[in-house]
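# Architecture at a glance
So you can see what is in the structure, the chains are spelled out below.
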Amino acid sequence: MRAMRKIRVRLKDRSYDIVIGRGLLSSLGLFVKKLRIGRAAVVVTNKRVFKLYGKTVKKALEKSGVSVKFEMVPETERAKSLEIMAGLLGRISRYDRKRDLFLIALGGGVIGDLAGFTAATYKRGVPYIQIPTTLLAQVDSAIGGKTAVDLPLAKNLVGAFYQPRLVLSDVSILKSLPKRELKNGLAEIIKYGVIKDKALFFFIERNRKKILDGDASALEHIILSSSSIKRALVEKDELDKKGARAMLNYGHTLGHAIEAASAYSGRYNHGEAVAIGMIAAANIAIKMGVMKDARDAVRLYKLIASCGLPVKARGLSPDRIFSAQLCDKKHSGRDLKFILPIEIGKVRVVPRVPEAVIRSAITEMTRA
Ligand code: NAD
Ligand code: GLY
């Protein structure tokens, strides 16, 4: 195992480490042994990830005396359903029989959210480990304990806050990730730069080619910076009630609306929609006088475009996007609340953005 970096998420008796490095997967058994969370692992994954990393995980766990059972779930968001979860719980309970059982989420955010919620509910909670295998999961979904499945009406409608016992972010795993998925995660990392860390933003500007080519040390740097920011916000606001964690939703109000207005068809994945949403929110910030220097918005636009992420949601209906954003959880009553950038590295919550300003940003966003 090469050098690794550790970030401690301090949440009293729910504290845990995020470990970031290369070639960590083959040492998984040692991490598990140290945690003393059990001797029987149920690894929730899908066929693609299993084919790539199943053998390494099995070998690493068995070497440390931990027995392993793999549970396959569908590859797409379809896995985050109550039906899939019920099947999973049934199979886990039949396998359990007084074993010292814990779960491992081996996959992207879909697997992490599903396995985390399964761990939160089985026997009112068993330990689980996050092994995020996408860039998005390493910098966002695996950290902070938000677990959930979807209902037909909306995503993530049934869930729980349930912290993992360890997040193992092995940068080597990202080698097999398709480029579109890498960019999906990169959009969230640009978001971290805008909300909290201009040095990170500048680093991505200077190193975007390396990052997109999968350079391990550039990736390690941005994963470490992003994970540290998320850690700090989660420590301040574990249950997303005090406002600190809401900052993470910069670009997401209109981003979610773009995903919904395109009926989650995959035309825009989450990161792509957030990229467009961040640009639109910067435009709103300029119109509202929150962002004083328009050159910051231009810089953001240029970075997003140069990372090969979309800057417009051409062809989508502005009315559908407007209606979809009205469902945003941050809005309260008739007040349309937005997280808006003041400059690169700083955002603030603006509680009442006028409808006309939002509509004008959406029109701009959908225009050719
Ligand atoms: P994903 O989990 O759907 O994974 C994307 C694709 O990449 C899948 O086809 C997967 O099989 C494949 N894949 C995963 N790892 C791979 C690897 N190393 N090599 C090759 N292929 C690999 O997508 P995602 O973007 O990671 O996660 C999206 C989900 O995360 C959504 O359900 C979203 O709601 C959730 N999410 C949750 C939080 C949270 O705080 N809990 C935050 C953000 C997003
Ligand atoms: N992904 C947003 C949060 O964890 O709060």
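Below is a short write-up of the structure. (Residues numbered from 1 in each chain as written. Chains lettered and ligands numbered in written order. Predicted model: local features only at pLDDT ≥ 70, side-chain atom pairs only at ≥ 80, totals over all residues. Heavy atoms only, no water.)

Ranked by internal contacts, the top residues of the largest apolar core, which has 83 residues, are Ile190, Ile204 and Tyr250. If you tally residues by element for this core, the top one is helix H10 (residues 270–287), at eleven residues. Beyond its immediate sequence surroundings of up to four residues, Ile204 is in contact with Leu186, Ile189, Ile190, Ile211, Ile222, Leu303 and Cys307. Leu28, Phe31, Val43 and Phe102 belong to the second largest nonpolar core, which has 25 residues in total. (Core = buried A, V, L, I, M, F, W, Y, C linked by side-chain atoms within 4.5 Å. Buried < 20%, exposed > 50% of the residue type's maximum accessible area, 1.4 Å probe, protein only. Helix = DSSP H or I, 4+ residues; strand = E, 2+ residues; numbered from the N terminus. Contact = heavy atoms within 4.5 Å.)

Looking now at the site of ligand 2. In the vicinity of ligand 2, the contacting residues are Asp140, Lys146, Lys230, Arg245 and Leu248. Between an oxygen atom of ligand 2 and a side-chain N or O atom of Lys230, the distance comes to 2.6 Å. For ligand 2, whose unbound accessible area comes to 200 Å², protein coverage reaches 82%. (Near = heavy atom within 4 Å. Polar contact = N/O pair within 3.5 Å; in protein donor to acceptor, adjacent residues only side chain to side chain. Areas by Shrake-Rupley, 256 points an atom, 1.4 Å probe, with all protein chains shown as cover.)

Let us now look at the side chain of Asp150. By secondary structure assignment, the location of Asp150 is in strand E7 (residues 146–151). Relative accessible area serves as the criterion here: at 12%, Asp150 is assigned to the buried category. A polar contact is formed between the side chain of Asp150 and the backbone nitrogen of Asn156, at a distance of 2.8 Å. Asp150 has contacts with Glu77, Lys80, Ser81, Leu82, Lys155, Asn156 and Leu157, leaving out every residue within four places of it along the chain.

The subject of this paragraph is the side chain of Ser262. Residue placement: Ser262 occurs in the loop between helix H9 (252–261) and H10. With sequence-adjacent residues up to four places away left out, Ser262 is seen in contact with Tyr268 and Leu316.

So, on to the site of ligand 1. Surveying the vicinity of ligand 1 reveals 27 residues, the closest of which are Glu75, Glu77, Gly109, Thr133 and Thr134. Gly109 is positioned with one of its backbone polar atoms (N or O) 2.8 Å from an oxygen atom of ligand 1. The contact in question runs from an oxygen atom of ligand 1 to an N or O atom on the side chain of Asn184, over 3.1 Å. Computed on the free molecule, ligand 1 has an accessible area of 870 Å², of which 88% lies beneath the protein chains in the complex. Only helix H2 (47–63), helix H4 (109–121), helix H5 (135–141), strand E8 (154–161) and helix H6 (179–196) provide two or more residues apiece to the shell around ligand 1. Across the shell around ligand 1, the residue classes break down as eight nonpolar, nine polar and ten charged. (Nonpolar A, V, L, I, M, F, W, Y, C, P; charged D, E, K, R; others polar.)

Turning to a nonpolar patch on the surface, a few remarks are in order. Residues Leu82, Leu151, Leu153 and Leu157 make up a contiguous nonpolar surface patch of about 390 Å² in total accessible area. Positionally, Leu151 belongs in strand E7. Residue class for Leu151 comes out partly exposed when judged on its relative accessible area of 31%. (Patch = residues over 30% accessible without salt bridge, like charges linked within 9 Å, V, L, I, M, F, W, Y side chains within 5 Å. Salt bridge = Lys/Arg side-chain N within 4 Å of Asp/Glu carboxyl O.)

The subject of this paragraph is the environment of Tyr53. Along the chain, Tyr53 falls in helix H2. Ignoring sequence-local partners within four residues, the contact set of Tyr53 consists of Leu25, Ser172, Ile173 and Ser176.

Glancing now at H4. The end-to-end C-alpha distance of H4 is 18 Å, a good match for the 18 Å that 13 residues give at a rise of 1.5 Å each. Along H4, twelve of the 13 residues are buried, which leaves the element largely enclosed by surrounding structure. Every buried residue of H4 is listed here: Gly109, Val110, Ile111, Gly112, Asp113, Leu114, Ala115, Gly116, Phe117, Thr118, Ala119 and Ala120. At the C-terminal side of H4, Lys123 shows a positive phi close to 50 degrees. (Expected span 1.5 Å × (residues − 1).)

For the pair helix H12 (residues 318–325) and helix H13 (residues 355–366), the least separation of the axes is 9 Å and the interaxial angle reads 130 degrees. Comparing the axis directions of H12 and H13 gives the class oblique. The hand of the H12/H13 crossing is right-handed. Counted together, Pro318, Asp319, Ile321, Phe322 and Gln325 of H12 and Glu355, Ile358, Arg359, Ile362, Met365 and Thr366 of H13 form the full contact between these two elements. Partitioning the contact of H12 with H13 into residue classes produces six nonpolar, two polar and three charged. (Axes fitted to C-alpha atoms, helices over the stretch in contact; angles between N-to-C directions. Parallel < 35°, antiparallel > 145°, perpendicular 65-115°, else oblique. Left-handed = near helix turned anticlockwise from the far one by under 90°.)

Fair warning: the whole summary comes from geometry, so function is off the table for now.
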